[in-house]
Amino acid sequence: MTTLTRGPEAVKLPAPAPAVKRRGRWLTITLFVLPALVLFLLLVVAPILVAFYASVFRWNGFGGLPTNYIGFDNFTRLFGTEIFTRDLWHLLVLVVFSVCVQLPFSLAVALLLNQRIRGRALYRLVFFAPYVLSEVITGVLFSLILSPGTGMANQLLGVFGINSDWLADPDTVMPSLFLVMTWKYFGFHMMIYLAGRQNIPNELVEAAQIDGANSWKTFRHITLPLLGPTIRISVFLSVIYTIQLFDLVWILTQGGPAHSSETMAVTMFEYGFKRSQVGYASAISVVMFVLSLVFALVYQRFVMRRDLEGATTSIGGRT
Amino acid sequence: MTTLATRGHGKKPRPRRNTLPLHAVAWIVGAFILIPVLYAVLGGFKRNSELSENPFGLPTSWVTGNYTDVLASHSFWLQLWNSTFIAVSTTVLTVGVAALAGFVFARFAFRGREVLFTLFTAGLMFPFAVAILPIFVLLRTLGLLGNPLGVILVQAAFGLPLTIIILRGFFRSIPGEIEEAAIIDGCSPFGFFWRILLPMAKPAVATVSVLAIVGSWNNFMLPLVVFTEEANWTLPLGIQQFQGQYASDTARILAYLVLAMVPALGFYAVAERHLVGGLTAGATKG
């Protein structure tokens, strides 16, 4: 109705034969959505459903769909083994380290680069660069650096009398893995924090400083609370990523020595592709999926709820 | 005027006093990032014996053989080509298919739209590792193991959720008046999409393309299970195999690593803005 006031052209709009237009509209909708939908259903949704289905069978992955139904045996077997509790423990250790060490470190560096220091554009470029290198490049590079003989780490730390076979010693393998993760990923979190920090109007920070707040108080009462949504998302991504962690571990240690750095994805890969216990490996996948999902739902329900209501960030600042 | 003056006054002395510790921290972090890379670059110019005696300093004599051997090897270029081919194909497929769907989700009102869109967004929550076993079985059934198409299709499918979300958001922001004008001028929906919407959405298309390229370029798990023959290997597979093959020849592996970093870092230098923009947007959306 409002279009009537716009001018003579607008009046013509609804005129052409509505029945034809309608059919054309549905044809467009179908043709445009179908390719994406087929690809997505066939290669994302169906495989995940199949993983659920296969998890209740004893199956080596061959001969069509599995037939040897064994109920929840795969799961009881999984929960009964030490490997599973160990994987969970590794997940927990990495999550705690990431959230308590890596993310605060990223935040500190982000706030540092938010200051007017010379060369900060270059610093940003450099700090983010490892994120672009594949996990394989990162993994191989650090497996050489951490190797006992020629590795740089021992030669550097040898000055302080520290010497270890970092990736082959169960005591040092997790800290080493965490160090490599930090090298690769802190720049990513730093960038998220920088983007979040730049959404905070500088007037607020300046106002606090004019009111006499020192840097710590400004951070504690202005910057940190306003960065809340960004921090919560960064924690979320970090945990979800850690649940599926595979490439880095596979390259650095293959889960060893003696399973001491094994993640669930590595265990799943080991059983699924090396030992052809596809049913059992599917059960591990399902547990990974449920862990991610439960974490996501609980986190969004209780931690991110406030943020999601007002979330409007998108490319170009519009939604 | 007065506010400007006080602002300038309050600000100027502060950074001058503070920059030294700030720079110190930035330098330490920078060293943490750069030393491993420099170690690799310089190490590639050393002999293995020198690597263990003199890991940090400049090479006593610059050995170029490690680099030139890799550059002269057929397999390195083949892997580079395979990675490029797969990344470009994945990107074209992902962005093309996602743009069509994003267009409909953004500009058409129809029953079931939100349900469908939510289905795609839920895809963000599906870890790739969960699906890898059934995907492997499926690709084997379809005869796509050892076929680049197997990797391309799967990567595209998993890239769809984020791409559709970002593109839909951008398509929505383009004013309806432009669409009305185009339709009055006799544009079909596809004509509007192809000739007006896509060109207008160039920044968003660039961003999702960069994300897709980087994602494909770095993918390891999927090519690892799909490709068994050396002729198909992508760079990450090649590096892993190379390390296994030349385990004791550290200098040569370092040279290989450095050369494999070059395309990624070069691409990053060119596309940095889009990558960072996409990741921060993707992160806040995810």
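Only a predicted model underlies this, so the values are computations on that prediction, with no experimental measurement involved.

> So what exactly am I meant to see when it comes to the overall build of chain A here?
Counting its secondary structure elements, chain A contains 15 helices and two strands. When burial is assessed residue by residue, chain A has 52% of its 319 residues classed as buried. The long-range fraction of contacts in chain A, counting pairs at least 24 apart against all pairs at least 6 apart in sequence, stands at 66%.

> Is there a simple way to explain the nonpolar core in this structure?
General note: in soluble globular proteins, nonpolar side chains tend to be found buried as a group. Residues Phe-127 and Phe-128 of chain A together with Phe-171 of chain B are the most contacted members of the largest nonpolar core, which totals 197 residues. Per-element tally for this core: the top contributor is helix H14 (residues 250–285) of chain B, with 16 residues. Ignoring any residue separated from it by four or fewer positions in sequence, one finds Phe-171 of chain B in contact with Ala-99, Gly-102, Phe-103, Ala-106, Arg-107, Phe-193, Leu-197, Leu-198 and Ala-201 of chain B.

> Which parts of the structure should I look at to understand the UniProt feature "transmembrane region" (unreviewed entry) in chain A?
All names here are of chain A. In the numbering used here, UniProt assigns the feature "transmembrane region" (unreviewed entry) to residues 31–56, 88–113, 125–146, 173–194, 230–252 and 278–299. Across residues 125–146, the secondary structure splits into 86% helix and 0% strand, with the terminal C-alpha atoms separated by 25 Å. Taken as a whole, residues 278–299 contains 100% helix and 0% strand, while its terminal C-alpha atoms sit 31 Å from one another.

> Which parts of the structure should I look at to understand the interface of chain A and chain B?
Size of an interface: often given as the accessible area lost when the parts come together. Contact residues are listed per partner, giving 97 residues for chain A and 105 residues for chain B. Surface buried jointly by chain A and chain B totals about 9,000 Å² across both partners, of which 80% is contributed by carbon and sulfur atoms. Put simply, chain A and chain B have zero salt bridges between them. Where chain A touches chain B, the interface holds nine residue pairs in polar contact (both at pLDDT 80 or more). The element best represented in the side of chain A that touches chain B is helix H2 (residues 18–54) of chain A, accounting for 20 residues. Of the residues belonging to the side of chain A that touches chain B, the class tally is 68 nonpolar, 19 polar and ten charged.

> Can you help me understand a nonpolar patch on the surface in this one?
Residue and element names in this part refer to chain A. The grouping of Phe-52, Val-290, Val-294, Val-298 and Phe-302 at the surface amounts to a nonpolar patch, some 450 Å² of accessible area in total. Broken down by element, the nonpolar patch gets its largest block of residues, four residues, from helix H14 (residues 278–302). Taking relative accessible area as the criterion, Val-294 reaches 46% and is therefore assigned partly exposed.

Rules used throughout
Residues numbered from 1 in each chain as written. Chains lettered and ligands numbered in written order. Predicted model: local features only at pLDDT ≥ 70, side-chain atom pairs only at ≥ 80, totals over all residues. Heavy atoms only, no water. Helix = DSSP H or I, 4+ residues; strand = E, 2+ residues; numbered from the N terminus. Buried < 20%, exposed > 50% of the residue type's maximum accessible area, 1.4 Å probe, protein only. Contact = heavy atoms within 4.5 Å. Core = buried A, V, L, I, M, F, W, Y, C linked by side-chain atoms within 4.5 Å. UniProt positions renumbered as here; feature names shortened; annotations may be inferred. Buried area = accessible area lost by both parts, 1.4 Å probe. Salt bridge = Lys/Arg side-chain N within 4 Å of Asp/Glu carboxyl O. Polar contact = N/O pair within 3.5 Å; in protein donor to acceptor, adjacent residues only side chain to side chain. Nonpolar A, V, L, I, M, F, W, Y, C, P; charged D, E, K, R; others polar. Patch = residues over 30% accessible without salt bridge, like charges linked within 9 Å, V, L, I, M, F, W, Y side chains within 5 Å. Areas by Shrake-Rupley, 256 points an atom, 1.4 Å probe, with all protein chains shown as cover.

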